[in-house]
Every structure is written in C-alpha cells, then in structure tokens.
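Here are the chains, one letter per residue:
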Amino acid sequence: MSKEALHRDVVILGSGPAGLTAAIYTARANLKPLLIDAPADAEKQTAPGGQLMITTDVENYPGFSDGIQGPDLMIEFRRQAERFGTDFLETWISGVDLSNRPFTLHTSDHLISAETLIIATGAAAKWLGIPGEAKVPFGFGGHGVSACATCDGPLPAFRNQELVVIGGGDTAMEEATFLTRYAARVFVAHRREKLRASKIMQQKAFNNPKIEFLWNTAVDEILGSKEHGVTGVSLRNVKSNDQRVFPCSGVFVAIGHKPNTDLFKGQLEMDEIGYLRTSGHSTATNVPGVFACGDVQDSVYRQAVTAAGTGCMAAIDAERFLDHLPVAMPSGEEVTDAGEHITSDHRAIIEPDGSMIPNNPEQLVGSED
Ligand code: NDP
C-alpha cells in the first residue's frame, strides 16, 4: 500500500506547551502548520499534551490566578491552536531525513515533507519503576508522588510535611533545597554514599538544616492509601539489605531526565545527555530550517512557561526563515534558506558558491576599522 504524501511549510513535532505555542503562532501567521503528536503510551511515557497531562494543579502558569489542572491547561492550548487552523496528526514517526530540504518524515501511513521542522518532543522524567510510583489510580503519581518540585512543591499537600527526594545528582540537590521552603524536613535517599552532584550544590544541601541524607538507601516501594495519598516509603539499605518503612507525605523522584531525541541521533547536534543544541540567540539547531523548543533543548528551566516561550521563539524563527531572513545558528553565523551564511562578526556574507561579499557595502571585508 502506498503512503499518503503530505507537504507543509511548517511541521511541528510534539504537543506540549512548546509545540502547541509554536502551532498557535505559525497558524496565526497563516503557515498552516501540521502538528504531529505521539499516541498515548504509558510505557514510553508519551501522552498528547506532554508532561502537563500527568500533572494535577498548575499554580505557576501566568494568567490563572486560581491555578488550573494540567490537562485542562493543555486542552486550552490545543483549542487555541485548532482555532487558527493547525492540523493535527497522531502517529509515531519511524524515521527522519534532515540531510536535504524539504526534510522528510516517515510514518507507517505517511511520507511527510517539511520546509521547516520545529522539534518540541520534550523530555521525560526518569522513573524508578517501583510499586506505588505510577499515576493514580495505578499508584500515587499526582497524589503525593512527583518528579518536579518547582511544579508541585508549593502545593498544600506538601507544606510542613516530611518529604523524600530520591537521587544524588544536581536535580536531587536542587529539588531538595527548593522543597525546604515549604516542607518541615526533606530526606534525600541516595543509593550510594557519595553524591554525583556538583560540589556547590552538595554544599548547599549539606548546609541546609532541613535536609537529611539517607545513604546507601534504595526506595523499593511507595506506600499510601486512596484517601491520604502517600504515607511512606519502603527503604532498603543496599549494603545490609535491611528493610524498613519510613513515614513521609510526599516523594520526589529526581534521578534525571531523558530528552526525546533518539530519532535525531547522528543528524542534529546534542549534548552528552541527548539535549538538542540550539543557537542561544535563536532556536536554530545546526541544520538550517530545523528549530527546537521546550524541554527537548532545555535541561535547566524545564517549566511550562519557558517551554511555551521557546515555542513562540521557534515559530518566529521558522517564519523568518521562510521569509528568506537570516536566522542565528549555534556557530554564531546567521543563515538564510538560500544557503547564504553571514559570518559571526556580521562583516561578510558567504554565498552558496563559496564567494564572500561584505555585509556592509561601506565596510570592506578584512579592513581594520
Ligand atoms: P544525573 O544523571 O546527574 O544524576 C542522577 C542521580 O540519580 C544520580 O545520583 C544517580 O545515582 C541517581 N539514579 C539514577 N538512576 C537511579 C535509580 N534507578 N535508582 C536510584 N538512583 C538512581 O541527573 P541530574 O538530573 O541530577 O542532572 C543531569 C544534568 O543536569 C547534570 O549535568 C546536572 O549537572 C545538570 N543539572 C544542573 C542543574 C543546575 O546547575 N542548577 C540542576 C539540575 C541538573 P548514582 O549517582 O549512583 O549514579
């Protein structure tokens, strides 16, 4: 059976705050974006709408003074993108070819070509896979178990309570330190007796009187009830194998994140963890015409509002590129869709045939002034 061919100026991958914001902007700019989102799959941690679909109260998204439920917020994002004419396609992408423009994307039923591609495939928090960790009703996820202290730490359920943070890296130290603003005490359960976190983050945590470390400790199960949510954890000393029940009211799993970038390996520049590298001055990746926004390129802020902000940036970058305007690249150069390169000092333009002309006609290339 032959595949259906689709061609678009803008194809967006991902339907979290970044992807949907890029859709709202590019749709309003009349670029008729096609947004592709992955089907819901509990094992792969995918859900149309992204990580907010597994969040309950969102209190820090501007514009909602009484807070909003994560899934409700994403329904609003989606409606807004639909209103301006975004097309949606829910499917798995089996392969991409970014070596030539238009870029090619393969699904089981479609062959999609894209003049520009906005990657907003997000990142997934790593989970331990222990009993009690899954989302309600299978566990206590969203009811005392979280992977984001900034999102959930200030919620009433965690205030003045004893909380457990799992992990020994920078994320765990940051989450534990943040949680001490609200919690009575924070216990960091780490599987070794040495932290992986940077010295400065370790020191901050060691100096915080509200933080206590549980060394050589594995969390085997999160305990609780339907009525009360999390009531404790089952801990195991990995050296002695001794087990005990440790009472607490919340568990923050902070063992790292995995950006969803496997599809782009070997084609786009990534850091050692797999986050896409973008320009810094724009959302451009190393391939002209491919932009990245949201958590897939952000290991630091990871907030819905910053994802939405970079989604807007990616949309404007794609619009500029399609209008033949230069877009800043990670190298500091700017490129146009015609293949012109403006040098990082802005003094010269390298034409597609390799010839160099001054960017400012009054200033000769190589002149000293
Ligand atoms: P890391 O991979 O650095 O640390 C993960 C931690 O979780 C490790 O201590 C690891 O234990 C533990 N862990 C992993 N898997 C398991 C498991 N199955 N069971 C129990 N424990 C487990 O991830 P981070 O998210 O902490 O950091 C990622 C990157 O982001 C780093 O480069 C970090 O520097 C950066 N970052 C920077 C921040 C900042 O500067 N403000 C804030 C947050 C992150 P073990 O040590 O035994 O392997």
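Per chain, residue numbering runs from 1 following the sequence as it is written. Only residues with pLDDT of at least 70 are given local features in this predicted model, and only at 80 or more are side-chain atom pairs given and counted; all residues enter the totals for whole chains, interfaces and linings. For the side-chain quantities, the full set of heavy atoms in the structure was used; hydrogens and water were omitted.

The next point concerns helix H1 (residues 17–28). Numbering goes from the N terminus for both helices and strands, where a helix is a DSSP run of H or I of at least four residues and a strand is a run of E of at least two. Multiply 1.5 Å by the residue count of a helix minus one, and that product is the helix's expected span. The terminal C-alpha atoms of H1 lie 16 Å apart, and with 12 residues this matches the ideal 16 Å at 1.5 Å per residue to within 8%. Across the 12 residues that make up H1, a large majority, 10, are buried. Here the buried face of H1 lies against strand E1 (4–13), strand E2 (34–37), helix H2 (70–83), strand E5 (87–90), strand E8 (110–119) and helix H6 (304–322). Looking at the residues trailing H1, positive phi occurs at Asn30, about 70 degrees. Remark: exposure states derive from per-residue accessible area (1.4 Å probe, protein chains only) relative to the maximum for the residue type, with buried under 20%, exposed over 50%, and partly exposed in between. Working rule for contacts: check all heavy atoms of both residues, and any pair within 4.5 Å makes them a contact.

For Ile36, the location among the structural elements is in strand E2. You can call Ile36 buried: its relative accessible area is 3%. Separated by 85 residues in the primary sequence, Ile36 and Thr121 have C-alpha atoms spaced 9.7 Å apart. In contact with Ile36, not counting residues within four places along its chain, are Val11, Ile12, Leu13, Gly14, Leu89, Thr91, Ile93 and Ile112.

Whether parallel or antiparallel, the strands of a sheet pair through hydrogen bonds between backbone atoms. At least two DSSP bridges between two strands are needed for those strands to be called paired. If you trace the five strands from one edge of the open sheet to the other, you get E10-E17-E11-E12-E13, paired in parallel fashion. With one partner strand each, in any of the chains shown, strand E10 (145–146) and strand E13 (211–214) form the two edges of the open sheet. Pairing of strand E11 (residues 162–166) with strand E17 (residues 250–253), which is carried by four bridges, proceeds in the parallel orientation. In the strand pairing of E17, Ile166 is matched with Val253.

Further remarks concern the environment of Ala5. Within the element layout of this structure, Ala5 appears in strand E1. According to the relative accessible area criterion, Ala5 is exposed, its value standing at 64%. Considering only alpha carbons, one finds Ala5 and Leu34, 29 residues apart in sequence, at a separation of 13 Å.

We call a set of buried Ala, Val, Leu, Ile, Met, Phe, Trp, Tyr and Cys residues a nonpolar core when their side-chain atoms join them within 4.5 Å. Grouped together as the largest cluster of nonpolar side chains are 33 residues, with contacts concentrated most on Ile12, Tyr61, Leu73, Phe77, Ile118 and Phe291. With eight residues, the single largest contributor to this core is H6. Excluding residues within four positions of it along the chain, Tyr61 makes contact with Leu73, Phe77, Ala304, Val305 and Ala308.

Lining the immediate environment of the ligand, one finds 15 residues, of which Asp170, Thr171, Arg191, Arg192 and Arg196 sit closest. Between an oxygen atom of the ligand and a side-chain N or O atom of Thr171, the distance comes to 2.5 Å. Within the contact set of the ligand, a nitrogen atom lies 2.9 Å away from a side-chain nitrogen or oxygen of Glu174. A 1.4 Å probe and the Shrake-Rupley method give the accessible areas. Residues count as covered only by the protein chains that appear here. Burial of the ligand by the protein chains amounts to 70% of its free accessible area of 910 Å². Counting residues per element, the shell around the ligand draws most heavily on helix H4 (residues 170–179), which supplies three residues. Charged residues are taken to be Asp, Glu, Lys and Arg, nonpolar residues to be Ala, Val, Leu, Ile, Met, Phe, Trp, Tyr, Cys and Pro, and polar residues to be all remaining types, Gly included. Of the residues assigned to the shell around the ligand, the class counts are four nonpolar, six polar and five charged. If a single non-hydrogen atom of a residue is within 4 Å of a molecule or strand, that residue counts as near it. In protein, a polar contact means a hydrogen-donor-capable atom and an acceptor-capable atom, both N or O and within 3.5 Å, with residues adjacent in sequence counting only if both atoms are side-chain atoms; elsewhere, any N or O pair within 3.5 Å suffices.

Turning next to the state of the cysteines. Count a disulfide wherever a pair of cysteine sulfur atoms falls within 2.5 Å. Within this structure, the stated rule accounts for one disulfide. In this model Cys248 remains outside any disulfide bridge; the closest cysteine sulfur is found in Cys148, 18 Å from its own. On the basis of relative accessibility, which here comes to 5%, the residue Cys248 falls in the buried class. Among the cysteines around Cys293, which has no disulfide bond, Cys312 carries the closest sulfur, lying 9.8 Å off.

For the rest of this paragraph, the subject is the pairing of E8. In terms of burial, E8 is largely enclosed, as nine of its 10 residues are buried. Where E1 meets E8, nine bridges bridge the pair, whose relative direction is parallel. Directly across from Ala5, in E8, lies its bridge partner Leu111. Note: strand E7 (residues 103–106) against E8, four bridges, orientation antiparallel.

Another point: H6. Compared with the 27 Å implied by 1.5 Å per residue over 19 residues, the 27 Å span of H6 between its first and last C-alpha is a close match. Residues of H6 that are buried include every one of Ala304, Ala307, Ala308, Thr310, Gly311, Cys312, Ala314, Ala315, Asp317, Ala318, Phe321 and Leu322, and no others. Directly beyond the C-terminal end of H6, a positive phi value near 65 degrees is found at His324.

The next subject is the packing of H1 against H6. All axes are obtained by fitting lines to C-alpha atoms, using only the stretch in contact for helices, and the reported angles, taken between N-to-C directions, cover 0 to 180 degrees. H6 packs onto H1 with a crossing angle of 40 degrees between their chain directions and a minimal axis gap of 7 Å. The angle between H1 and H6 places the two elements in the oblique class. Helix-helix and strand crossings are classified by hand; for H1 and H6 the assignment is right-handed. Side by side, H1 and H6 meet where Pro17, Ala18, Thr21, Ala22, Tyr25 and Thr26 of the first sit next to Ala304, Ala307, Ala308, Gly311, Cys312, Ala315, Ile316 and Glu319 of the second. The class makeup of the residues in the contact of H1 with H6 is 10 nonpolar, three polar and one charged. By definition in this entry, angles of less than 35 degrees are roughly parallel, angles greater than 145 are roughly antiparallel, angles of 65 to 115 are roughly perpendicular, and the rest are oblique. Left-handed describes a crossing whose near helix is turned anticlockwise from the far helix through less than a right angle; right-handed describes the clockwise counterpart.

So, about the environment of Cys148. On the secondary structure map, Cys148 appears in the loop between E10 and helix H3 (149–152). Take Cys148: its relative accessible area is 16%, and that puts it in the buried class. Between the C-alpha atoms of Cys148 and Leu179, which are 31 residues apart in sequence, the distance is 10 Å. In this structure, Cys148 is in contact with Gly153, Glu175 and Phe252, ignoring residues within four places of it in sequence.

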